[in-house]
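# Structural characterization, general
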Amino acid sequence: GQQLNQSPQSMFIQEGEDVSMNCTSSSIFNTWLWYKQDPGEGPVLLIALYKAGELTSNGRLTAQFGITRKDSFLNISASIPSDVGIYFCAGFYGGSQGNLIFGKGTKLSVKP
Amino acid sequence: GAGVSQSPSNKVTEKGKDVELRCDPISGHTALYWYRQSLGQGLEFLIYFQGNSAPDKSGLPSDRFSAERTGGSVSTLTIQRTQQEDSAVYLCASSLVGPGDTQYFGPGTRLTVL
């Protein structure tokens, strides 16, 4: 079935460092989404990307939709302890299908 | 509340028993989704309701899984004759109009089948 390959699976970084994670797919998506999930909570949308090549920022977060519509990256600048959590990419084909296709997540741990 | 709510937050059951999980979407949201999240995995789509239309059941893993949405609001996900592999966090989400809108997730129900 459809898959999103998300990397890295986990990372430990020093507070203040920049973080980069990415997702790739063999399929083309109309929309790419980045979510963050804290323990015991549901995912919360961080950034949504709708156009190929689109670069969008949300505070310290920056995400880009690849030109081919088959990949996306998320950057976090100057990481802080509250950035800890699991980050998921998700793709949406569009139309009447209801499902998002999720990556397996990148677990971010920050050393204070 | 203003967000999506789910109950119970935790459910422990014995293999072979039936369970019902409840989701209250954000008021006014016409679209509702159920996902399953296994340990260390991403979310797996189960089913999608859009208003009064027939649901998209393409993600349900077996005929033991079913879901209803009454009055276009509250939804119940039912798992019959639970198996140990059904153990997971079941997440519900809703969106204002449809899949192209932002999906807001509830906190999930953690199901453990012994």
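Before reading further, recall that the structure is shown in the block above.
Residues numbered from 1 in each chain as written. Chains lettered and ligands numbered in written order. Predicted model: local features only at pLDDT ≥ 70, side-chain atom pairs only at ≥ 80, totals over all residues. Heavy atoms only, no water.

## Let's talk about unusual backbone geometry
All names here are of chain A. Cis rather than trans, the peptide bond between S7 and P8 has omega equal to -5°. The topology assignment puts P8 in the loop between β1 (5-7) and β2 (10-14). Positive phi values are uncommon outside glycine, yet R69 reaches one of about 65°. Mapping R69 onto the fold places it in the loop between β7 (61-65) and β8 (71-76). Taking relative accessible area as the criterion, R69 reaches 24% and is therefore assigned partly exposed. (Helix = DSSP H or I, 4+ residues; strand = E, 2+ residues; numbered from the N terminus. Buried < 20%, exposed > 50% of the residue type's maximum accessible area, 1.4 Å probe, protein only.)

## Brief notes about the sheet that holds strand β7 (residues 75-79) of chain B
Residues and elements named next belong to chain B. Strand order across the open sheet formed by four strands is β1-β3-β7-β6, with antiparallel pairing between neighbours. At either end of the open sheet lies a strand with only one pairing partner, and these are β1 (5-7) and β6 (65-69). Strand-to-strand twist in this sheet, taken as the mean axis angle between neighbours without regard to direction, amounts to 15°. Of the strand pairs in this sheet, β1 and strand β3 (residues 19-24) are connected by three bridges, and their pairing is antiparallel. Within β3, the residue paired with Q6 across the bridge is C23. (Pairing = 2+ DSSP bridges. Axes fitted to C-alpha atoms, helices over the stretch in contact; angles between N-to-C directions.)

So yeah, pure geometry; function would need other evidence.
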